[in-house]
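So you can see what is in the structure, the chains are spelled out below.
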Amino acid sequence: MHFERRSHWSGELGKEMYFNVYGHAGKPFIVFPSSGGSQNEYGDFGMIEACQDFIERGLIVFYTPESYDSESWLNLGKSGHDMALAHEAYDRYIVNELVPLIRYESGWQGGLAATGCSMGAYHTVNFVLRHPDLFDLSIALSGVYDVRFFTGEYFGDNTVYYNSPIDYLWNQDDPWFLYHYRQNRFIVAVGQGAWEEPHIADTKRLEEAFAAKSVPAWFDYWGGDVAHDWDWWRQQMPYFLGKLEAEGGI
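All of the points below concern the structure found in this document. (Residues numbered from 1 in each chain as written. Predicted model: local features only at pLDDT ≥ 70, side-chain atom pairs only at ≥ 80, totals over all residues. Heavy atoms only, no water.)

1. Quick notes on the sheet that holds strand β1 (residues 3-10)
Selection rule: At least two DSSP bridges between two strands are required for those strands to pair. Under the scheme used here, helices are H or I runs from DSSP no shorter than 4 residues and strands are E runs no shorter than 2 residues, and both carry numbers assigned from the N terminus. Only C-alpha atoms enter the line fits that serve as axes; for helices the fit covers just the stretch in contact. Angles between N-to-C directions range over 0 to 180 degrees. Every residue pair with non-hydrogen atoms within 4.5 Å of one another is taken to be in contact.
Pairing is mixed in the open sheet, where eight strands are placed in the order β1-β2-β4-β3-β5-β6-β7-β8. With one partner strand each, in any of the chains shown, β1 and β8 (218-221) form the two edges of the open sheet. Here the strands of the sheet are splayed against their neighbours by 20 degrees on average, with no regard to which way each runs. Across four bridges, strand β3 (residues 27-32) lies against strand β5 (residues 112-117) in parallel orientation. Following the sheet pairing, Ile 30 is matched in β5 by Ala 114. Across the face of the sheet, helix α10 (residues 197-212) comes into contact with β7 (185-190) and β8 while running at roughly 155 degrees to β8. Packing against the sheet, helix α11 (residues 230-246) makes contact with β3, β4 (60-65), β5, β6 (135-141), β7 and β8, and its axis sits at approximately 150 degrees to β6.

2. So, the layout of surface pockets
In this approach, a probe sized like a water molecule rolls over the atoms, and the result shows the empty space that is left. Spelled out, the test is: A cavity here means a set of 1 Å grid points, computed over protein atoms only, where a 1.4 Å probe fits but cannot escape. A pocket is an open set with protein on both sides within 12 Å along at least 5 of 7 lines, and lining residues have an atom within 4 Å of a point. Grid points are joined across faces, edges and corners, and a volume is the space filled by probe spheres set on the points. Each residue is assigned to one class: nonpolar for Ala, Val, Leu, Ile, Met, Phe, Trp, Tyr, Cys and Pro, charged for Asp, Glu, Lys and Arg, and polar for all the others, Gly among them.
Considering only enclosed or pocket space, the largest pocket measures out at about 150 Å³ in volume. Taken together, Glu 4, Arg 6, Val 21, Gly 23, His 24, Ala 25, Gly 26, Val 61, Tyr 63, Glu 105, Ser 106 and Trp 108 form the lining of the largest pocket. Those elements giving two or more residues to the lining of the largest pocket turn out to be β1, β4 and α4 (80-106). Class assignment of the residues belonging to the lining of the largest pocket gives a composition of five nonpolar, four polar and three charged.

3. Considerations on empty space enclosed by the protein
A full pass over the atoms with the stated rule returns one cavity of 30 Å³ or more. Reported here for the largest cavity is a volume of approximately 40 Å³. Residue lining of the largest cavity: Val 31, Phe 32, Pro 33, Ser 38, Gln 39, Glu 41, Tyr 42, Thr 64 and Pro 65, and that is the complete set. Of all the secondary-structure elements, those providing two or more residues to the lining of the largest cavity are β3, α1 (41-44) and β4. Residue composition of the lining of the largest cavity, by class: five nonpolar, three polar and one charged.

4. Observations concerning the pattern of salt bridges
Heads up, the condition is: Whenever a carboxyl oxygen of Asp or Glu lies within 4 Å of a side-chain nitrogen of Lys or Arg, that contact is scored as a salt bridge. Each residue is assigned to one of three classes by its accessible area relative to the maximum for its type, calculated with a 1.4 Å probe on protein chains only: buried under 20%, partly exposed between the two thresholds, exposed over 50%.
Summed over all chains, the structure comprises 17 salt bridges. One salt bridge in this structure joins Lys 27 and Asp 136, with 2.8 Å as the shortest N-O distance. In this pair, Lys 27 is assigned in strand β3 and Asp 136 in strand β6, connecting sequence segments 109 residues apart. In this structure Lys 27 comes out as buried when scored by relative accessible area, which is 7%. Taking the relative accessible area as the measure of exposure, Asp 136 reaches 27% and is therefore partly exposed. For the salt bridge of Asp 167 with Arg 148, the shortest nitrogen-to-oxygen distance reads 2.9 Å. Separated by 19 residues along the polypeptide, Asp 167 in helix α8 (residues 165-168) and Arg 148 in helix α6 (residues 148-151) bring together distant segments of the chain. For Asp 167, a relative accessible area of 13% gives the class buried. Through salt bridges with shared partners, a single network forms among Asp 146, Arg 148, Glu 153, Asp 167, Asp 202 and Arg 205.

5. Describing helix α9 (residues 175-183)
Residues spaced three or four apart along an α-helix face the same direction, because each turn holds 3.6 residues. Condition: By definition, the arc is the one covered by directions from the helix axis to the C-beta atoms. The definition of a polar contact used here is a pair of N or O atoms within 3.5 Å, where within protein one atom must be able to donate a hydrogen and the other to accept one, and adjacent residues in sequence count solely through side-chain atom pairs.
Within the sequence span of α9, burial applies to Phe 177, Leu 178, His 180 and Tyr 181. An end-on view of α9 places all buried positions within 165 degrees of arc, on one side of the element. Away from its buried face, by an angle of more than 90 degrees, α9 presents the exposed residues Pro 175, Tyr 179 and Gln 183. Measuring from the side-chain oxygen of the N-cap residue of α9 to the backbone nitrogen of Trp 176 gives 2.8 Å; that N-cap residue is Asp 174.

6. Considerations on the pairing of β3
Taken residue by residue, a regular strand's side chains alternate between the two faces of the sheet. Here β3 lies mainly inside the structure; six of its six residues are buried. Burial along β3 is two-sided: the face carrying Lys 27, Phe 29 and Val 31 and the face carrying Pro 28, Ile 30 and Phe 32 are both buried.

Have a look at this one:
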């Protein structure tokens, strides 16, 4: 398998940002790590090995940027507003710096894909809803989608609000966004076992918002033995990739 350890200077964040590349061809996926995770997390927890067949056949290529959560949603020394400002800088890094790099190096001009587990699932859904012209496919595993999970009540702060999918999707009436949402492919999955309680609740609330906006999506609730754990995400990710391959989505 083709593998690269990479970094580049981010003008948006004012620091060197590290990422790995797994694969040589196919639809590019940006993999958002779980809480505070590094660029190596996806490989360290066996997710690359679990998806190896799809990578080696040139169907997909994974880009795994490091997290910026310690400066944003996990920085408990900041107000919710300042957490959101830090995340907005990370958003600009992904959109203005990493995505153009991926397009330049891969030659891929179509929509990109996003995926992640746990907090990475939150980032996945938030990015694809905010930038549906850049991402046309997402696989979110065991996420929370209400930013209050990180900030507490944010009292109408718009910078925070526009990073809380469960909130802003309900009020999204812009025809441009709704058109793109309805063209794109959303997969949102959660187990119903240990440590999944808040993630089940948020997944159900997100499903209600998608239905209210007539946005098609696959919400998949796995069994009561399926825990919030890498053992299950290693099963879920290749399962969904297999379904996508069968329908021509990758």
